[in-house]
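Residue-level listing of the chains:
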Amino acid sequence: MPIATNIATNIATSFAQPRRLAGPRPAPRAIATFLALASAALFSATLSTAAQADTSIVMLGTGTPVPDGERAGSGVAVIHDGEAYLFDVGPGVVERASQAQERMGIEALAPVNIERLFLTHLHSDHVLDYPELLGTYWWRREQPISVVGPVGTEAMSQGVYTMLAEDTNTRLADKSPVTNPAAARVLVTEIEKEGLVHESPGISIHAFGVTHGDWEQAYGYKVVTDDLTLVISGDTSLSEEVRRQASGADVLIHEVISRQGWEQLSPQWQAYHQYAHTLSDELAELAREARPGTLVLTHVLHYSAPRESVLDEVRADYDGRVLLPDDLDVIE
Ligand SMILES: [Zn+2]
Ligand SMILES: [Zn+2]
């Protein structure tokens, strides 16, 4: 259980030697994150003294397909028992993982330590860092990455191998002491039917189908650990299945589109988004029925409305706990 220790050590070091955080996040945000982490570390330490496993959730990417210099594409990391379980790997997510390791001391998120990836669907904003994850420092990797995803994941992986063939072949042929040649490839499991997709001591992960435009396969995931039940919606229109899975969950991470932003779109885009995504008032209705302990808004499509409009819109119809995190925020 090195996580709490690592976070605590990192924070202690950082307090002793304050450093300016690089990257797009403004200093006040970094400080807020730091304080959140300090309390997370203390909270984790409290849990560990009670001999309980502690699960933490790190929002690596809270963006959408709309370019946003402050946000990576979709990516959520669940850290359990020193291992990272990564859900989606949108553009910028691998750099965020490195930042989580460097700034927050989460060793499980060093890119070479990420060994488990789960894909909700294959839209670009959820997979564009797949080559980045496979290619980054793979020659120092001890284990190949195991990937669970919809049909199409294997073909996408073959495409990445083709893209990186010159790199892979040269590193294998020259004098580089490659740690594990097999790590140049991933181990793909394409989801054939909904249900259990991973189980190891203290954690199980189930995939369930959601409705997302014309995708024949789009999934949400339910993660059950010894101390937390988490549901990740993936991209979906209002889904009865998500409501069912999230009923009584500790945390529901759900995509959302602002009603105010949506109303200003063209009729064609309005129709598409109703078909593919969940409006803020629809999500409030779902949350009223499912009553998750915490509702986390991510993948926020807001267009010309302020991003925070979704928070006001959901809260107008739902009185539970609702969060609107940024990249690298930790959900407690
Ligand atoms: Zn999508
Ligand atoms: Zn998306």
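The chain is annotated in an unreviewed UniProt entry as MBL fold metallo-hydrolase of Halomonas litopenaei.

Right, let's talk about the sheet that holds strand β6 (residues 187-190) for a bit. Ordered in space as β6-β5-β4-β3-β2-β1-β14, the seven strands form an open sheet in which the pairing is mixed. Single-partner strands in this sheet number two, and they are β6 and β14 (330-331). Relative to β14, strand β1 (residues 55-61) runs antiparallel, the two sharing two bridges. Paired with Ile57 across the bridge in β14 is Ile331. With respect to the sheet, helix α3 (residues 93-104) is in contact with β1 and β2 (75-80), its orientation differing from that of β1 by roughly 135°. Seen against the sheet, helix α6 (residues 153-163) touches β5 (146-149) and β6 and runs at an angle of roughly 155° to β6.

With that settled, the discussion passes to the sheet that holds strand β12 (residues 294-301). The strand order across the open sheet built from seven strands is β7-β8-β9-β10-β11-β12-β13, with neighbouring strands paired in mixed fashion. A strand with exactly one partner marks an edge of an open sheet, and here the two such strands are β7 (195-200) and β13 (321-323). The sheet shows a mean angle of 20° between the axes of neighbouring strands, taken without regard to direction. Relative to strand β8 (residues 203-209), β7 runs antiparallel, the two being bridged by five bridges. Paired with Glu199 across the bridge in β8 is Ser204.

Now for the pairing of β2. Along β2, six of the six residues are buried, which leaves the element largely enclosed by surrounding structure. Across six bridges, the pairing between β1 and β2 is antiparallel. Within β2, the position partnered with Ser56 by the bridge is Ile79. The turn joining β2 and strand β3 (residues 83-87), which pair antiparallel and follow one another in sequence, is formed by two residues; a positive phi near 55° is taken by Asp81.

As a further point, take the environment of His212. Checked against the element boundaries, His212 lands in the loop between β8 and β9 (219-225). Taking the C-alpha atoms as reference, His212 lies 9.6 Å from Thr278; in sequence the two are 66 residues apart. Residues within four places of His212 in sequence aside, it is in contact with His121, Ala218, Asp235, Thr236, Ser237 and Ala276.

Here is what the cut-offs are and how they apply
Residues numbered from 1 in each chain as written. Chains lettered and ligands numbered in written order. Predicted model: local features only at pLDDT ≥ 70, side-chain atom pairs only at ≥ 80, totals over all residues. Pairing = 2+ DSSP bridges. Helix = DSSP H or I, 4+ residues; strand = E, 2+ residues; numbered from the N terminus. Contact = placed C-beta atoms within 7 Å. Axes fitted to C-alpha atoms, helices over the stretch in contact; angles between N-to-C directions. Buried ≥ 20, exposed ≤ 12 C-beta atoms within 10 Å, placed from the backbone.

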